[in-house]
Amino acid sequence: MKTIALVRLTYEPKEVAELSLVAGKIQTGRVTYSMNEGDIKGIQLIKSLKSPFDAISIGVLSNIARVHTFVRGAENIIEIGEQFAHHYDETVLASMIAAQVKAIGGVQIIVCSPVEQDSGRGLLPGIIAAKLGFELFVGVKNISENDGAVVIEQQLDSGIQKFQVKGPIVICPDESCDMGDDPSDAFDLIEKLEKKETKKIKADQLL
């Protein structure tokens with residue numbers, strides 16, 4: 001079952017005090033970048049499928065983020081453009097991602113954070129699903145495979161809903177999902193994967 005995980009670098013949440021707004025534009029100062037926590041939870045969520053997945057990055061990942069994404073289980077990483085997700089309008093961003101997903105072909109599952117941490121916006125998963133004709137499921141706590149179908153446990157206000165779908169689907173992890181082990185501790189894997197390269201795609205190729 002072909003699965004894609006979106007990965008995005010975002011302003012480090014612990015350093016938001018360093019951000020300022022000048023003429024409507026965010027000034028980063030000395031702020032560093034880290035992975036969107038919801039995207040990390042999404043990767044941990046799909047690990048239960050025990051099948052290979054590829055990652056699509058918006059912008060060029062730092063060396064640490066690249067290696068950590070491979071350590072978390074990505075077979076391949078495709079980097080779209082050079083700018084990070086918060087620089088794009090969500091409709092433009094969704095168009096690029098949808099075009100890349102179509103180019104890959106056969107994708108049944110896309111997993112990503114429900115929100116863009118830098119802006120708090122949460123429209124991207126829905127727009128991607130609409131452009132690709134996929135079903136959208138948010139608040140997903142667990143996912144598994146059964147006879148070619150996907151079994152989803154979804155957190156609702158009234159409790160947990162469990163159902164089975166054939167796909168293709170876009171899923172967003174629930175806030176309660178685990179982020180998994182710190183990849184920095186996987187010394188052997190880091191040494192093995194630190195020189196593994198990504199595939200780079202120019203953003204204008206997808207628009």
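Residues numbered from 1 in each chain as written. Predicted model: local features only at pLDDT ≥ 70, side-chain atom pairs only at ≥ 80, totals over all residues. Heavy atoms only, no water.

J.: Give a detailed account of helix α2 (residues 63-71), specifying residues and quantitative values.
T.: By the criterion of burial, α2 is predominantly enclosed, with seven of the nine residues buried. Within the sequence span of α2, burial applies to A65, R66, V67, H68, T69, F70 and V71. Where α2 terminates, the next one or two residues include G73, which has phi positive at roughly 125 degrees. (Buried < 20%, exposed > 50% of the residue type's maximum accessible area, 1.4 Å probe, protein only. Helix = DSSP H or I, 4+ residues; strand = E, 2+ residues; numbered from the N terminus.)

J.: Explain the nonpolar core to me, using residue names and the numbers behind them.
T.: In this structure, I152, I169 and I171 are the most contacted members of the largest nonpolar core, which totals 31 residues. Not counting residues within four places of it along the chain, the set of residues in contact with I169 comprises Q108, I109, I110, F134, E135, F137, V150 and I152. Of all hydrophobic cores here, the second largest spans 28 residues; its members include L6, Y88, M96 and C112. (Core = buried A, V, L, I, M, F, W, Y, C linked by side-chain atoms within 4.5 Å. Contact = heavy atoms within 4.5 Å.)

J.: So, the environment of K131: which residues are in play, and what are the values?
T.: Positionally, K131 belongs in helix α4 (residues 124-132). Spatially, the C-alpha atoms of K131 and S95 are 7.3 Å apart, while their sequence positions differ by 36 residues. Other than its neighbours up to four places away in sequence, K131 contacts T91, A94, S95, A98 and K102.

J.: Report on the side chain of Q154, specifying residues and quantitative values.
T.: Its place among the elements puts Q154 in strand β9 (residues 149-156). One polar contact links the side chain of Q154 to the main-chain carbonyl oxygen of V138, over a distance of 2.8 Å. Residues contacting Q154, with those up to four places away along its chain left out, are F137, V138, G139, V140, G159, I160, Q161 and F163. (Polar contact = N/O pair within 3.5 Å; in protein donor to acceptor, adjacent residues only side chain to side chain.)

J.: Pulling in residues and values, what's your account of unusual backbone geometry?
T.: Phi is mostly negative for residues that are not glycine, and the peptide bonds are mostly trans. For the bond running from G167 to P168, omega is 0 degrees, close enough to zero to count as cis. Checked against the element boundaries, P168 lands in the loop between β10 (159-165) and β11 (169-173). Phi at D147 takes a positive value of approximately 55 degrees, unusual for a residue other than glycine. With a relative accessible area of 74%, D147 lands in the exposed category.

J.: Let's hear about the pairing of β9: which residues, and what values?
T.: Summarising the sheet, strand β8 (residues 135-146) and β9 pair through six bridges and their orientation is antiparallel. Within the sheet, the bridge partner assigned to N146 lies in β9 and is A149. Between β8 and β9, which follow one another and run antiparallel, lie two residues, and D147 among them has a positive phi close to 55 degrees. Where β9 lies against β10, seven bridges are found, and the strand directions are antiparallel. Paired with V151 across the two strands is Q164, which belongs to β10. (Pairing = 2+ DSSP bridges.)

J.: Please give an account of α4 that cites residues and values.
T.: Among the residues of α4, L124, P125, I127, I128, A129 and L132 are the ones counted as buried. Looking one or two residues beyond α4, the residue adopting positive phi is G133, at roughly 75 degrees.

J.: Please provide a residue-by-residue account of the side chain of E79, values included.
T.: Along the chain, E79 turns up in strand β6 (residues 74-80). With a relative accessible area of 1%, E79 lands in the buried category. Among residues more than four places away in sequence, those in contact with E79 are S57, G59, V60, L61, T198, K199, K200 and I201.

J.: Tell me about the packing of aromatic side chains, residues and numbers included.
T.: As enumerated under the stated definition, the model contains one aromatic pair in all. Here the aromatic rings of F137 and F163 are separated by 5.2 Å at their centres, their planes lie at 40 degrees, and the arrangement is tilted. Taken together, the positions of F137 in strand β8 and F163 in strand β10 put the pair 26 residues apart, joining distant regions of the chain. The exposure class of F137 is buried, given its relative accessible area of 9%. (Phe/Tyr/Trp six-rings, centres within 6.5 Å; stacked < 30°, edge-to-face > 60°.)

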